[in-house]
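The primary structure of each chain is shown beneath.
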Amino acid sequence: MGFHLPVIRRASFKGSQATSKFEEVPKGYFVVYVGDKQKRFVIPISYLNQPSFQVLLSQAEEEFGYDHPMGGLSIPCSEDVFQQIASHLNGK
């Protein structure tokens, strides 16, 4: 499965306001957007190796491609389903 992750830009902060719409993402993590409201999740890169997450990536590729205007991937499932999968992956 071939894909590339977009570069996540780091935000610079001035007081309490970010000067960029991108928030800092820790090394070893990436951003996905999930559900109708496109809720933002920062998740470990290690998820990419998990079969259940690879199914979500395949669905995302079919529906959205891998280019997101906000610098992450859009995952075509509900927040509840995504959180269930993520909690299962965190338990491993």
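Here the structure is shown first, and the text comes after it.
Residues numbered from 1 in each chain as written. Predicted model: local features only at pLDDT ≥ 70, side-chain atom pairs only at ≥ 80, totals over all residues. Heavy atoms only, no water.

## Describing helix α2 (residues 79–90)
- Here α2 spans 16 Å end to end across twelve residues, near enough to the 16 Å set by a 1.5 Å rise per residue.
- Turning to α2, its buried residues number three or more, namely F82, I85, A86 and L89. Relative to the axis of α2, the buried residues are bounded by an arc of 100° and lie together on one face. For α2, the exposed residues set more than 90 degrees away from the buried face come down to D80 and Q84.
- The secondary structure elements touched by the buried residues of α2 are β3 (29–34), β4 (39–44), α1 (51–63) and β5 (73–75). (Helix = DSSP H or I, 4+ residues; strand = E, 2+ residues; numbered from the N terminus. Expected span 1.5 Å × (residues − 1). Buried < 20%, exposed > 50% of the residue type's maximum accessible area, 1.4 Å probe, protein only. Arc of directions from axis to C-beta. Contact = heavy atoms within 4.5 Å.)

## Describing the nonpolar core
- Of all hydrophobic cores here, the largest spans 18 residues; its most connected members are V32, I43, F53, I75 and F82.
- Broken down by secondary-structure element, the contributors of at least two residues to this core are β3, β4, α1, β5 and α2.
- With near-sequence residues (within four places) excluded, F82 lies in contact with V32, V34, F41, I43, F53, L56, I75 and C77. (Core = buried A, V, L, I, M, F, W, Y, C linked by side-chain atoms within 4.5 Å.)

## Some remarks on the environment of N90
- For N90, the location among the structural elements is in helix α2.
- Put simply, N90 and Y47 are 43 residues apart on the chain and 9.0 Å apart in space, counted from C-alpha to C-alpha.
- A distance of 2.6 Å separates polar atoms of two side chains, one belonging to N90 and the other to Y47. (Polar contact = N/O pair within 3.5 Å; in protein donor to acceptor, adjacent residues only side chain to side chain.)

## Notes on unusual backbone geometry
- Backbone geometry places Q38, a non-glycine residue, at a positive phi of 55°.
- Mapping Q38 onto the fold places it in the loop between β3 and β4.
- Judged by relative accessible area, Q38 falls into the partly exposed class, the value being 28%.

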